[in-house]
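# A closer look at the structure
Chain residues, written in single-letter form:
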Amino acid sequence: VTTPSGPDPRQPEPTPADDGSSSGGVTTTPEVTGAPGPGAPAPGAEPRPFLQKTLVRHGLLHAGALLGIVLLLEAISPFRNAQLAQMAYFVPAVAGLTVLTGINGQISLGHGALMMVGAYTTAYTLENAEGTPFVVVLLLAILTTTIVGAVVGVAAARLHGPYLAGATLALAVGLPGIALKFEDALGGEQGLRVSPPRPTDGFESFYANIFGDLSNQKFIALVGWALAIAVLFLLSNLITSRVGRDWRAVRDDEVAAQLAGINIGRSRVLAFTVSAACAGVAGCMLAAVTRLAAPGSFTIVLSISLLAAIVIGGLGSLVGAILGSAMLVFLPQVVTDFGAGQGLNSSQAANIAPLVYGIVLVVVMLVAPFGLVGTIRRKYLERKARKMLEAFAAAQSQQQG
Amino acid sequence: MFRSRPFTRTVVALAGASLFLTACGGDDNGGSGGGGVGGDATGVTDTSIKIGTHMPLTGPAAPGYSEIPTGAKAYFDYVNAQGGINGREVEYIVRDDAYNPSNTTTVVNQLVLQDEVFAILGGLGTPTHSAVLDFLNEEEVPDLFVSSGATAWDEPDRYPWTFGYQPDYVVEGKIIGQFIQENFPDAQVGLYLQGDELGRDGAEGVKAIIEDQIVAEVTYVVTDTSVRPQMQQLQSAGADLVVGFNVPGFTARQRGAAGELGYNPTYITSNVGSDANLVGTLIAGASQGAVTPEQAAAVLDGTYTTSYLPTNDQPDDPWVQFFQEVWDEHGDGGALSNYRIYGMMQAYLFTTAALAAGEDLTREAIVEAIQSDGSSWKGPWLAPLGFSEDSHRGVTGAKIVKLEGGAAVDQTPVYTTTEEADSEIEEVTEEPGEPTEDGLPDVG
């Protein structure tokens, strides 16, 4: 009796494409070949319906998310708007880092420094070429950060594990010193002040017609989230594409990836560069939201916070990146306010925020070692795999009986 | 590994987040309390005034500086116990920014938009406060008595809501320069500077008076772990008088490096870097128990520095006695440090301004009161305040003192001047104020 080969329970990767549509047909002969990758229909397969195309689905979902953010910003207080603006500059950086670490398996303790490159490019451009459109400034920030990221990435591609961590750590520690050394151009300890982008009159009146008054807080949060969602959209497409599969292959087994024809060095440098570009967006928005680029904002604590955010959220998960960013923004404030409410003085209340942060990190690692999103997803997939196995076993016994 | 549909989940998560945020956000964008016609009375009720500040309560800048708000709070508690300011109790909210400008933006947003404070009092630090300068002035929130000696706070045209507090570093430098000119006319002066506004402005002041006596100028950045190369440079240039514009940690490093080099010049250290207790604690910490903080503090014996407020080594000063009483009654333990006196004086100055603004306290009224009457207010500050329509400078001068056995011995009268290089340095003839019977400022 030959056993028909079934879906391997160890690799229950449902692709976005087979979303529910094939689950009804478990009892029929299981597909022997792997599911075709999204975006590239297998030869002979029917072209996918328009709405099921990855790009279209991602586009619609992200556009919906942006609309949700606009409504959300309207519904909440100015302070919450400011907090969301803050979260908006963490999201691209954390998302970029989670792709680098979770999908490609490279660690970086230097993303805070890469954000600094983006922030200083923004501040320097605005200071020396006043009136430059924000879009141009943003593109310049991305460009310089990408260049720095590519250079670091080439070095990083040759290093592994603790050596890579050490090299990027050096970046995080050393780079702020540049702002102090070139004090005349970069403003030293005090940094460079940034005038944040303002809405054009046309946009302002357009917005006023639909929602009402557009405050500065709201506008900057809106810009930040538009960029954050754009970054998430691009990253999500990238990691479900061939490039993303290459990155995963390199992460899981370099030798196997090489045998499959993947240029490992190129793949790793590309991942680092993409991730750096995201940090550039984040740095540019940080400068716009805090209205300042100063070395004090880019301490090693920032880089480590970003890393903690992806670990808590779940390595490699973009949803996890959003959750992790939310944690960075809301946890200190909630904990400090709670402490103050319990009668602690302001100094004691301020000191429990880092403590709780550490405890959360430890507890997540103990209880949910794949991060919040990673663990939930794992549970879900385990259940699904078990069901499929049961269904398969049932079908088999029926056949024999 | 585990690929998924992040996008479905993105939306679900955002929807969830929006519910959460809406639930705890509230729509409290109202603002103006019972102000009436006199302007914006956000944060003021008939029985309370809410003010806020940003301070480093955690992180490397916290030792020392985190004591400032405890001093201010003790004085406000004292005022509240006396019935408050025109019947209004002061609620003083301190938020931690860990000396990180990004955090400063966050906590000041919270103070202004969520806590809806009436004013920000004594936000600490040049880089940190720079981050919120535009925001506070756009929102038209009084930004009073910034805890930093940068000259940026005195720009009434650009920042009409921001007021300085301590003498700026240019003024301090000029007074030090004049002291050298009169007492050490033959000295070869070396400058030891922090690589930011502190060092730059201080040097500008000193050079305005004694440019020709300066033989060397060295700069450190706060990430330097040793300043031995800098001290060596001063030594080989033959400097026998070293003027430092630096923070306390770099006073400790400076003395350590000079000791190693067998270099023993006369030192003049700016007010910021000369807190003997803190420098002593830092040196003792670095020695890992080899010396006690008290022994280490003796390193500063013979150092000249400037002073613009009474200090805790003058137990006979009426202000120090008064602040000691306030601290004993309302403090949270510990000794009355000079940082706490600094905070109390700040709170005293705010109380003066709020009283002068009158019964109908509004944001406009307090700014108006400071501009029109501020220069005549009396208090613990040694030199007069520089407030007017065209000037938002705080204390305008200082005196030179010598540290001897834990006490500061006066070397000069109190001088006052402005930051223009050629303006006169004048002796202050009026006496500083005395504490009143009830300890509340008397604004007439």
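## Some remarks on the nonpolar core
In terms of nonpolar packing, the biggest core is built from 94 residues, with M87, M115, W225 and M285 of chain A touching the most fellow members. The element best represented in this core is helix 2 (residues 78-103) of chain A, accounting for 14 residues. Every residue in contact with M115 of chain A, bar those within four places of it in the chain, is listed here: Y89, A93, A279, A282, G283, L286, F298, L302 and L306 of chain A. Ranked by size, the runner-up nonpolar core spans 90 residues in total, among them V90, V171, V272 and Y339 of chain B.

## Side note on the state of the cysteines
Residue and element names in this part refer to chain A. Across all of its chains, the model carries 0 disulfides over all chains by this definition. Counting only cysteine sulfurs, C284 is the nearest neighbor of C278, a cysteine outside any disulfide, at a range of 13 Å. The class of C278 is buried, set by a relative accessible area of 5%. By relative accessible area, C284 is classed as buried at 0%.

## Observations regarding helix 13 (residues 338-356) of chain B
All names here are of chain B. An ideal rise of 1.5 Å per residue puts 27 Å on 19 residues; helix 13 measures up with 27 Å between its terminal C-alpha atoms. Most of helix 13 sits out of view: 17 of its 19 residues are buried. In the stretch just after helix 13, G358 is the one whose phi turns positive, near 90°.

## Quick word on the environment of D168 of chain B
All names here are of chain B. Tracing the sequence through the fold places D168 in the loop between strand 4 (143-144) and helix 6 (169-183). The class of D168 is buried, set by a relative accessible area of 7%. Counting along the chain gives 30 residues from D168 to L198, while the straight-line C-alpha distance between them is 9.0 Å. Beyond its immediate sequence surroundings of up to four residues, D168 is in contact with G149, A150, T151, R393 and E419. Within polar-contact distance, the side chain of D168 engages the backbone nitrogen of V170 at 3.1 Å. In terms of polar contacts, D168 uses its side chain to reach the backbone amide nitrogen of V171, at 3.0 Å.

## Points about the confidence of the model for chain B
All names here are of chain B. Scored by pLDDT, chain B comes out at a mean of 86, with 91% of its residues at no less than 70. The lowest-confidence element of chain B is helix 1 (residues 6-25), averaging 40 in pLDDT; the highest-confidence one is strand 3 (residues 119-121), averaging 96. This stretch, residues 1-37, has a pLDDT under 50; its non-local contacts, to residues over four places away or in other chains, come to 64 contacts.

## Considerations on unusual backbone geometry
Even without glycine at this site, E116 of chain B takes up a positive phi of about 50°. Looking at the element boundaries, E116 of chain B is found in the loop between helix 4 (101-114) and strand 3.

## Quick word on the packing of helix 13 (residues 318-341) of chain A against helix 14 (residues 346-367) of chain A
All names here are of chain A. Packing of helix 13 against helix 14 brings their axes to within 8 Å, and their N-to-C directions diverge by 130°. When the axis of helix 13 is compared with that of helix 14, the two are oblique. Where helix 13 crosses over helix 14, the two elements pack in a sense that is right-handed. Along the contact surface, helix 13 presents M327, L328, L331, P332, V335, T336, G339 and A340, while helix 14 presents A349, A350, I352, A353, V356, Y357 and V360. Tallied by class, the residues present in the contact of helix 13 with helix 14 amount to 13 nonpolar, 2 polar and no charged.

## Some remarks on a negative patch on the surface
The grouping of D157, E368, D373, E389 and D390 of chain B at the surface amounts to a negative patch. Residue placement: D373 of chain B occurs in helix 14 (residues 363-373).

## Some remarks on the packing of helix 6 of chain B against helix 7 (residues 197-210) of chain B
Residue and element names in this part refer to chain B. Orientation of helix 6 relative to helix 7, taken along the N-to-C sense of each, is 40°, at an axis distance of 7 Å. With respect to their mutual orientation, helix 6 and helix 7 come out oblique. Considering the relative orientation of helix 6 and helix 7, their crossing is right-handed. Facing helix 6, whose interface residues are Y169, V170, G173, K174, G177, Q178, I180 and Q181, helix 7 presents E197, L198, D201, G202, E204, G205, V206, A208, I209 and I210. Residues of the contact of helix 6 with helix 7, tallied by class, amount to 8 nonpolar, 6 polar and 4 charged.

## Looking at the confidence of the model for chain A
On average, residues of chain A carry a pLDDT of 84, and 88% of them reach 70 or more. Confidence over residues 1-41 of chain A falls short of pLDDT 50; this stretch has 39 contacts with residues more than four positions distant or in other chains.

## Some details on the environment of A408 of chain B
Residues and elements named next belong to chain B. Mapped onto the elements, A408 comes out in strand 13 (residues 407-410). The partly exposed category is assigned to A408, whose relative accessible area is 21%. Taking C-alpha positions, A408 is 24 Å from I209, a pair spaced 199 residues apart along the chain. The residues touching A408, leaving out its near neighbours within four places in the chain, are D313, V401, K402 and L403.

## Description of the sheet that holds strand 2 (residues 89-96) of chain B
All names here are of chain B. Reading across from one edge, 2-1-3-4 is the order of the 4 strands in this open sheet, with parallel pairing throughout. At either end of the open sheet lies a strand with only one pairing partner, and these are strand 2 and strand 4. In this structure, strand 1 (residues 48-55) lies alongside strand 3, joined through 2 bridges in parallel fashion. Bridge pairing in strand 3 places I51 opposite A119.

Each value, and the rule that gives it
- Residues numbered from 1 in each chain as written.
- Chains lettered and ligands numbered in written order.
- Predicted model: local features only at pLDDT ≥ 70, side-chain atom pairs only at ≥ 80, totals over all residues.
- Heavy atoms only, no water.
- Core = buried A, V, L, I, M, F, W, Y, C linked by side-chain atoms within 4.5 Å.
- Buried < 20%, exposed > 50% of the residue type's maximum accessible area, 1.4 Å probe, protein only.
- Helix = DSSP H or I, 4+ residues; strand = E, 2+ residues; numbered from the N terminus.
- Contact = heavy atoms within 4.5 Å.
- Disulfide = S-S within 2.5 Å.
- Expected span 1.5 Å × (residues − 1).
- Polar contact = N/O pair within 3.5 Å; in protein donor to acceptor, adjacent residues only side chain to side chain.
- pLDDT = per-residue confidence, 0-100.
- Axes fitted to C-alpha atoms, helices over the stretch in contact; angles between N-to-C directions.
- Parallel < 35°, antiparallel > 145°, perpendicular 65-115°, else oblique.
- Left-handed = near helix turned anticlockwise from the far one by under 90°.
- Nonpolar A, V, L, I, M, F, W, Y, C, P; charged D, E, K, R; others polar.
- Patch = residues over 30% accessible without salt bridge, like charges linked within 9 Å, V, L, I, M, F, W, Y side chains within 5 Å.
- Areas by Shrake-Rupley, 256 points an atom, 1.4 Å probe, with all protein chains shown as cover.
- Salt bridge = Lys/Arg side-chain N within 4 Å of Asp/Glu carboxyl O.
- Lys, Arg positive; Asp, Glu negative; His and termini not counted.
- Charge placed at Lys NZ, Arg CZ, Asp CG, Glu CD.
- Pairing = 2+ DSSP bridges.

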